[in-house]
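Examining the three-dimensional arrangement
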Amino acid sequence: MRTLSGRARLAGVIGWPIAHSRSPRLHGFWLAQHDIDGAYLPLAVRPENLAAALKALPILGFGGVNVTLPHKSAALGLVDRASAEARRIGAINTVVVGADGLLEGSNTDGYGFLEHLKSAAPDWRPEDGPAVLLGAGGAARAIAVALLEAGVAELRLANRTARRTAELAAALGPAIKPVAWAARSDALDGASLLVNSTTLGMAGQPPLEIGLLRLPRQAVVYDIVYVPLETPLLAAARARGHTPVDGLGMLLHQALPGFAAWFGVTPEVTPELREFVLAAI
Ligand SMILES: NC(=O)c1ccc[n+]([C@@H]2O[C@H](COP(=O)([O-])OP(=O)(O)OC[C@H]3O[C@@H](n4cnc5c(N)ncnc54)[C@H](OP(=O)(O)O)[C@@H]3O)[C@@H](O)[C@H]2O)c1
């Protein structure tokens, strides 16, 4: 039986609501695997209590937390320091309590996105050609920043609400090429990567309607939705011979930097971890 000592390291995930979060299961797997004297807790914190909850972390002896919906943007303004990437994205998902007791914020969603892309589609290169990103929400911002920083020279962006496409393009610079939502299928011409970061295709949501005919056969298709694991988009991509990349790996990889900082062990994303988390989806 695993029990905690009085010296146990503490971390968790702050969200509202939090009951649906897979993060406690994911971090719990690594804690057990490495036999760590530590705990990762689901922390249900209302928006009006976020500032107080973050401020309490050093007092309570927490090494830090993940921050999830709806707090990711607000938390950026509440930490003492934030990485340049997090500031560019405008949101954080990871807080580490520094040796000086100050809160350091970072955003590992883009890291998780790219790490999973590298492992699931190892032949894809940022210089292979334009990428197409569907969506302009929180996840899209992190993915756009990650792709640009990885060296993608042209990122075609389509979102249902055109105002949000324009805002993201204005914030991230000329490499972002806004595309009308109605023209999303045409935008696939010559692309090396298609990413869905909308909620379309998620269980309970309508499927993403897009024609893949113009997408070159060697292009990679990445859907960050992970419920279900194989979305209609990924099924269509697989049928056409594209390399399909599902959303679960992004979730697993984004957790890694936080775990390493809080618990002092760099864990691995393995097939066993994937199966363990998948069993609860
Ligand atoms: N795999 C992972 O680790 C990971 C991480 C983060 C998020 N996700 C998943 O990614 C998805 C987006 O998350 P998010 O945090 O970015 O959400 P969000 O900020 O709420 O953004 C939602 C996006 O979906 C679009 N959308 C929603 N309904 C639509 C519809 N009927 N037609 C066209 N577009 C529609 C929105 O367009 P408008 O701007 O027009 O509303 C917006 O671009 C979710 O399914 C989430 O579970 C996965």
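Structure: see above.
Residues numbered from 1 in each chain as written. Predicted model: local features only at pLDDT ≥ 70, side-chain atom pairs only at ≥ 80, totals over all residues. Heavy atoms only, no water.

1. Overview of the site of the ligand
The condition is simple: Near, as used in this document, describes a residue that has one of its heavy atoms within 4 Å of the molecule or strand being considered. Polar contacts here mean pairs of N or O atoms no more than 3.5 Å apart (in protein, one a potential hydrogen donor and the other a potential acceptor; neighbouring residues in sequence count only if both atoms are side-chain atoms). Under the scheme applied, nonpolar residues are Ala, Val, Leu, Ile, Met, Phe, Trp, Tyr, Cys and Pro; charged residues are Asp, Glu, Lys and Arg; polar residues are all the others, including Gly.
Around the ligand, the structure places 21 residues, and the nearest of them are Asn159, Arg160, Thr161, Arg164 and Gly247. Here an oxygen atom of the ligand sits 2.8 Å away from a polar atom, N or O, in the side chain of Arg160. Here a nitrogen atom of the ligand sits 2.8 Å away from a polar atom, N or O, in the main chain of Gly247. Split into classes, the residues belonging to the shell around the ligand amount to ten nonpolar, nine polar and two charged.

2. Focus on the packing of aromatic side chains
Note the cut-off: Two aromatic rings from Phe, Tyr or Trp, using only the six-membered ring of Trp, form a pair when their centres are within 6.5 Å; if the ring planes differ by under 30 degrees the pair is stacked, by over 60 it is edge-to-face, and anything between is tilted. Secondary structure elements follow DSSP: runs of H or I of four or more residues count as helices, runs of E of two or more count as strands, with numbering from the N terminus. For every residue, the accessible area (1.4 Å probe, protein chains only) is compared with the maximum for its type, and the residue is labelled buried under 20%, exposed over 50%, or partly exposed between those bounds. Sitting over a ring, as applied to charges here, requires NZ of Lys or CZ of Arg to be within 6 Å of the ring centre and within 35 degrees of the ring normal.
Within this structure, the stated rule accounts for six aromatic pairs. Measuring from centroid to centroid gives 6.1 Å for Tyr40 and Trp262, while their planes differ by 40 degrees, and the two rings are tilted. Taken together, the residues span a long stretch of sequence, with Tyr40 in strand 2 (residues 38-44) and Trp262 in helix 10 (residues 256-263) at a distance of 222 residues. With respect to class, Tyr40 is no different from Trp262; both count as buried. When the ring of Phe259 is compared with that of Phe263, the centres are 4.8 Å apart and the planes differ by 50 degrees; the resulting orientation is tilted. Remark: Phe263 and Phe259 occur in helix 10; sequence separation between them is four residues, near one turn of the helix. Classification of Phe263 by relative accessible area gives buried; the value is 3%. An aromatic cluster of three or more residues is present, and its members are Trp30, Tyr40, Phe259, Trp262 and Phe263. Between Arg25 and the ring centre of Phe276, over which it is positioned, the NZ or CZ distance is 3.8 Å. In this arrangement the basic side chain of Arg184 is found over the ring face of Trp181, its NZ or CZ atom lying 4.3 Å from the centre.

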